[in-house]
Structures are given as structure tokens and as C-alpha cells.
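Summary of structural features
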Amino acid sequence: MLQEAEAQLNAFDGTIDAIAGYMDFPVSTMLPILCNKFGTRTTSLESLLKCEHKFWSRSVQNEVIPDHIPNFTAFDPFDDGALSKIGEAGLAFPFFVKPIKSSGSRLGFRIDNPEDFDHAVQKLRADIGTISTPFNYVLEQADLPDEIREVDGRYCMAEQIIGGRQCTVEGYVYEGEVVPYGVVDSIRYPQVLSFFYYLYPSNLPARVQDKMAELTRTIMSHVGFNNSAFNIEYFWDEVSDQVWLLEINTRISQSHCDLFEKVDGISHQQVTVDLALGRRPDMPHRQGEHKVAGKFFYRVFFTDATVTGVPDKQQLEAAQAKVPGTYIAPQVKVGTRLSDLPEQDAYSFAVAYIWMGAKSQGKLLWNYEQVIKSLNFQFDIEE
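Note that the structure is predicted; figures quoted are calculated from it, not measured.

**With respect to the pattern of salt bridges**
Tallying each qualifying case throughout the model produces 22 salt bridges. The shortest N-O distance in the salt bridge between K211 and E214 comes to 3.6 Å. One end of the pair, K211, and the other, E214, are both in helix 9 (residues 206–223), 3 residues apart, so they sit about a helical turn from each other. Taking relative accessible area as the criterion, E214 reaches 40% and is therefore assigned partly exposed.

**A look at the sheet that holds strand 1 (residues 72–75)**
Taken together, the 4 strands give an open sheet; going across it, the order is 1-4-2-3, and neighbouring strands pair in antiparallel fashion. Looking at strand neighbours, the two that pair on one side only are strand 1 and strand 3 (109–111), the edges of this open sheet. The average undirected angle you get between the axes of adjacent strands in this sheet is 25°. Strand contacts of helix 6 (residues 114–127): strand 1, strand 2 (95–99), strand 3 and strand 4 (156–160), with the helix running at about 155° to strand 3, the strand carrying the most contacts.

**Some details on the side chain of E52**
By the element assignment, E52 lies in helix 3 (residues 45–52). The residues touching E52, leaving out its near neighbours within four places in the chain, are F25, S28, T29, I100, K101 and T250.

**A word on helix 11 (residues 269–276)**
Turning to helix 11, its buried residues number three or more, namely V271, T272, D274, L275 and A276. Buried residues along helix 11 sit against strand 5 (165–174), strand 6 (177–188) and strand 8 (228–237).

**Notes on the sheet that holds strand 8**
The sheet built from 8 strands is open, its strands ordered 9-8-5-6-7-10-13-12 with antiparallel pairing. The open sheet terminates on both sides in strands that have one partner only, identified here as strand 9 (242–249) and strand 12 (327–330). Neighbour-to-neighbour, the strand axes of the sheet open up by a mean angle of 20°, direction not taken into account. Here 4 bridges tie strand 6 to strand 7 (residues 195–200), and the two strands are oriented antiparallel to one another.

**As for the packing of helix 1 (residues 2–11) against helix 2 (residues 27–38)**
Contact geometry for helix 1 and helix 2: axes closest at 11 Å, N-to-C directions at 35°. In this structure, helix 1 meets helix 2 at a crossing whose hand is right-handed. Facing helix 1, whose interface residues are L2, A5, E6, L9 and N10, helix 2 presents M30, I33, L34, K37 and F38. When grouped by side-chain class, the residues that make up the contact of helix 1 with helix 2 number 7 nonpolar, 1 polar and 2 charged.

Conventions used here
Residues numbered from 1 in each chain as written. Predicted model: local features only at pLDDT ≥ 70, side-chain atom pairs only at ≥ 80, totals over all residues. Heavy atoms only, no water. Salt bridge = Lys/Arg side-chain N within 4 Å of Asp/Glu carboxyl O. Helix = DSSP H or I, 4+ residues; strand = E, 2+ residues; numbered from the N terminus. Buried < 20%, exposed > 50% of the residue type's maximum accessible area, 1.4 Å probe, protein only. Pairing = 2+ DSSP bridges. Axes fitted to C-alpha atoms, helices over the stretch in contact; angles between N-to-C directions. Contact = heavy atoms within 4.5 Å. Left-handed = near helix turned anticlockwise from the far one by under 90°. Nonpolar A, V, L, I, M, F, W, Y, C, P; charged D, E, K, R; others polar.

Structure follows, in C-alpha cells:
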């Protein structure tokens, strides 16, 4: 991918003023390498890896915001004694494991007992190479501390489980100034971990959002991230009034682009473009057509199934016309086996994404119910 990108840039007969991206790995890690080679602006590879290398990220977070991260340790999934070493690091069941570098929830597992860990290790050993090989190539391009270089892309993380009301702080750094500019709630289906919809703007109390903004400025300044966009996922545990930092992403969220356009008047892709061109981002605020906006995950809760019917173009257009500004993006076609869909969670399958705006959260949910009534997906369900 780097070779293809370099060839395309070299073939361009104009000036290269900016190189921008808003996708997760490997695009996010390609950007510093490409920008350094072609003399355009973005953050350094090392500062980006302090966010994307999960062990390095937790280590630097622990230096400045230790009370807002869970207990964690790195482990080698190919080490037969890994579970004992995780226990020696102070983690007890239940905990969560995931690769040092992953995208979405891929190869992430909740571990409640030794049998769960054995199952997770089997999957990690079989599949982690698809992540570790390209990520290790990126690590080779960076100047890493010895203790981080030893924990390469083949390693995994174990973390004590954290939870609460989940949200994402979107922000950027321009010439060393950290600017959080929007908070999006991540709302789950009742009784399961699957996402139901993203809601903008957030419903969290202002003081909680202010605390998250303070933590965001602290950690992003500490890692030296600069002249680039990011977002940070947080939990707020209402019972203990505790804010937890879940993870840092070195890009804007694609899922949130339409939400910002509906509420603020323009997609926050504008932030990415401005920064890549060396400009201070100029995002409008609450100048869109809607008071609130959401991205819904239209899900089916099957063990597995094959898709036998999907709405055609006319049906989609009719459903979208029910609520102006609605956009429906089916994620399946006839013949799709649900278990073949990429980056799904363990509980359900997202068969369509639906972006909508409204004057209130209640109206948004009512509109969503009206739209999905006319979406006729059909399945051959496996027992």
C-alpha cells in the first residue's frame, strides 16, 4: 500500500500540498511515513504510535492520568505461561484481551475463566499475523524505546474491564494547542454490548464533558501529538462518578462525519483537510439543519444466517424519503453469510447503517422506528 501510494504521488504533475486520510490502520500509520517523505504536515510517527500501540499508549497515559485508566499488562499469546503472568501483574477475572494493534473489536475477547482464555489464545495465535506483520513493518520505521520495541505487533494486551456510559471526544492539535470540539455518545442495545446508535451532541453532564476535555488536553500534549486530528473514547461510570479513558484513535471517526454536518453545518473532515494544509481548523458550531443527529446500527441477533433478500433501490429511496436527510447504507447483499461480515461483535450483525437528523432525541428515535418498518431484509437462519 505504501508503494502504491508513493507511486501515485510521484506520478502527480502538480505540487503536493497535503496528504490526508481518515481511515484506521493501516492508513493512519501510513500518513506520517508518506508525509515525512513528501514534506507535508502531520504528526510524527512516534507520537502517533504512542496512541496506536496499545501498550505504549497505556504506559504514557499511566505517567500523567493514572487514575483514569484500568490495570493493564502486555502478554505473548504464544507463551504457554501467559495466563499466570497476567495474574502476577495483578489482573483477576474478568478482564479483556486484544492485540497490541487492532481495528474495531477484531480479536478482542472478554475473559471470565481459564477456558475463555484458552479459546482466545487459539484464535489469536491463528489470526494475529494479519495484524502483526504489517504493524511490525511500521514499528521498524520508528525510533522506539527498548522496552517498547520488545513488545512488538505479535503481543497482546490484558486489561481490567471498565464500563459506564460510553462516548467519543473528537479533537485536533494545531501548533501544540489541543482543541476538543465535539462529544458523541455511543448508545448500546439494552442487555447486550452491541452499539445501537451514535448520538450528537452528547447528553452527558457538562461537568463530565469538561473533565474529559481536560484529560484529552493532558494526554495529547504529553504524547507530543501535533498538527493532526484524533478522537478519544471514554466511559463515565455514573455510580462511582469515574471517567475512564478507553482508547485513542489517531483520526476522525468516519461514522461521525454526517452527524457533524447535520448539527454543525459541515463534516469534520474539514478539520482533517485544514490541518493537512497547515491551517487552523475552522469548524462551524450548531449551524446545521438539525438539533441532534444519529448513526443507527440496524442489527439482527442471529447466531448466523444467509441473506436471501435486501431492499432494492426504489425501496431504499422510499424509506429515506419518509424522513428528509436520512441516508441508508446496506452492509449485505443477497447471498451474504453474516459470519463473513468484517469487524462484527460477538452478539449480532449490523446489516445496515442509517444516518438521521431531528429536532430532539425522542423525535430521532421515533423517526428511526418509522424508517426501519419499511426495510425488508430476509434471512435463511441457521439454528
